[in-house]
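Observations on the model geometry
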Amino acid sequence: MPGLLENCERYFGSSDLYTVLGVRRTAGEAEIRRGYHKTSLKVHPDRVSEEEKDEATLKFQILGKVYSVLCDKEQRAVYDEQGIVDEDSDAISQDRNWEEYWRLLFKKITVDDIKAYEERYRGSDEERTDIIQAYIDFEGDMDNIMDSVIFADIENEPRIREIIQKAIKKKDVPAYDSFVKESKKKRDQRRKRAAEEAQEAEEMKQELGLGDKDDDLKALIQKKQKDREKELDGFMAQLEAKYCNNSKKGGKKPTGTKKGKK
């Protein structure tokens, strides 16, 4: 029977666990969970056709095992040092219901839940912590920071930049050149991309006659699966990973005080 690394190579094109989840080898717990959520959304058995369900289920199970290894300190240390995984460990060998496990990590949410959480999150200490941690993780690259922090849209970029600038002034974080010397051209390109994504989302809603209700959101996802899955999969996965992530639950919040290299 193929092991976890062999299955990763076969079904995801790489035997590297970090590559499978799309995260860095230095990724912290929150980034690993975000990567797992984003990748698993693409192959969730409920989001594919009947013909693809068996393979999607297998991929979903493989991703669960990858996440179990990388979120276990001892398992991850062995993998990082030796490039192997313990196939007999509980994280891999136990007969786990991966769908229930996934739901424990990422509870089902509604549009109203998202809106309510957004109101609580913006301007909170939690948001500031996430912004500062993203700044450190990505060494000041605003493109990655804006993609990483939930609810970070282009209209809020000045406020996010101000939070980072205050942290730099207080010497809580390093002054990365990629942030303090970011060119106007790069900022303009980021704003242009945001405008194009917003326009695409609005056109898609109008094309399908959808609004903001839960049933409309569900219909949008189902329609996307059938007619435009390949074209929009990355776009929708990004939105869901950004707005539907429940990674804060049960995880240790980053302190935002560790130092990175300039």
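Here goes a summary of the coordinates provided. All values reported here derive from a predicted model rather than from experimental measurement.

Analysis parameters
Residues numbered from 1 in each chain as written. Predicted model: local features only at pLDDT ≥ 70, side-chain atom pairs only at ≥ 80, totals over all residues. Heavy atoms only, no water. Helix = DSSP H or I, 4+ residues; strand = E, 2+ residues; numbered from the N terminus. Buried < 20%, exposed > 50% of the residue type's maximum accessible area, 1.4 Å probe, protein only. Contact = heavy atoms within 4.5 Å. Areas by Shrake-Rupley, 256 points an atom, 1.4 Å probe, with all protein chains shown as cover. Core = buried A, V, L, I, M, F, W, Y, C linked by side-chain atoms within 4.5 Å. Expected span 1.5 Å × (residues − 1). Axes fitted to C-alpha atoms, helices over the stretch in contact; angles between N-to-C directions. Parallel < 35°, antiparallel > 145°, perpendicular 65-115°, else oblique. Left-handed = near helix turned anticlockwise from the far one by under 90°. Nonpolar A, V, L, I, M, F, W, Y, C, P; charged D, E, K, R; others polar. Salt bridge = Lys/Arg side-chain N within 4 Å of Asp/Glu carboxyl O. Polar contact = N/O pair within 3.5 Å; in protein donor to acceptor, adjacent residues only side chain to side chain.

Okay, the overall build of the chain next. A count of helical and extended segments in the chain gives 15 helices and zero strands. By the burial criterion, 43% of the 262 residues in the chain qualify as buried. For the chain, restricting intrachain contacts to residue pairs at least 6 apart in sequence, the fraction spanning at least 24 positions comes to 69%. Roughly 15,400 Å² of accessible area belongs to the chain as shown, and the carbon and sulfur atoms make up 47% of that amount.

A word on the side chain of R161. Within the secondary structure, R161 is located in helix α11 (residues 157-169). On the accessibility criterion, R161 (7% relative accessible area) is buried. Contacts of R161, omitting those with residues within four sequence positions, involve M142, F179, E182, R187 and R190.

Let us look at the nonpolar core. In terms of nonpolar packing, the biggest core is built from 23 residues, with Y135, M142, I145, V149, I160, I164 and V173 touching the most fellow members. Elements with a contribution of two residues or more to this core: α8 (111-121), α9 (125-137), α10 (142-148) and α11. Leave out the neighbours within four places in its chain, and I145 touches A134, Y135, F138, G140 and I164. In terms of nonpolar packing, the next biggest core, distinct from the first, is built from 21 residues, C8, V20, A27 and I32 among them.

This brings us to unusual backbone geometry. Of note in this structure, F151 is not a glycine but carries a positive phi near 65°. Relative to the assigned elements, F151 resides in the loop between α10 and α11. A relative accessible area of 2% means that F151 is categorised as buried. Of note, K171 is a non-glycine position whose phi angle comes to about 65°, a positive value. Mapped onto the elements of the fold, K171 is located in the loop between α11 and α12 (177-180). What makes K171 exposed here is its relative accessible area of 68%.

Given a rise of 1.5 Å per residue, 15 residues ought to cover 21 Å, and the 22 Å separating the end C-alpha atoms of helix α3 (residues 29-43) matches this to within 8%. For α3, every residue scored as buried is listed here: E31, I32, R33, G35, Y36, H37, T39, S40, L41 and V43.

If you want to describe how two helices pack, look at the angle between their axes and the distance between the axes. Running from N to C, helix α1 (residues 4-12) and helix α4 (residues 53-70) cross one another at 130°; their axes reach a closest spacing of 10 Å. The angle between the axes of α1 and α4 places the two elements in the oblique class. Judged by the twist between their axes, the crossing of α1 over α4 is left-handed. Along the contact surface, α1 presents L4, N7, C8, Y11 and F12, while α4 presents E55, L58, K59, I62, L63, K65, V66 and V69. Taken together, the residues of the contact of α1 with α4 break down into nine nonpolar, one polar and three charged.

Quick look at α4 now. The end-to-end C-alpha distance of α4 is 26 Å, a good match for the 26 Å that 18 residues give at a rise of 1.5 Å each. Those residues of α4 that sit buried are A56, K59, F60, I62, L63, G64, V66, Y67, S68, V69 and L70.

Turning our attention to the pattern of salt bridges. Charged atoms that come close allow side chains of opposite charge to pair. For the structure shown, the criterion picks out 23 salt bridges. In this structure, E55 and K59 form a salt bridge, with 3.4 Å as the shortest nitrogen-oxygen distance. Of the two residues, E55 and K59 are both situated in helix α4; the distance of four residues between them amounts to about one turn of the helix. R161 serves as the salt-bridge partner of E157, at 3.9 Å between the closest nitrogen and oxygen.

Take the environment of K184 next. Topologically, K184 is positioned in helix α13 (residues 184-208). In terms of polar contacts, K184 uses its side chain to reach the side chain of D188, at 2.8 Å.

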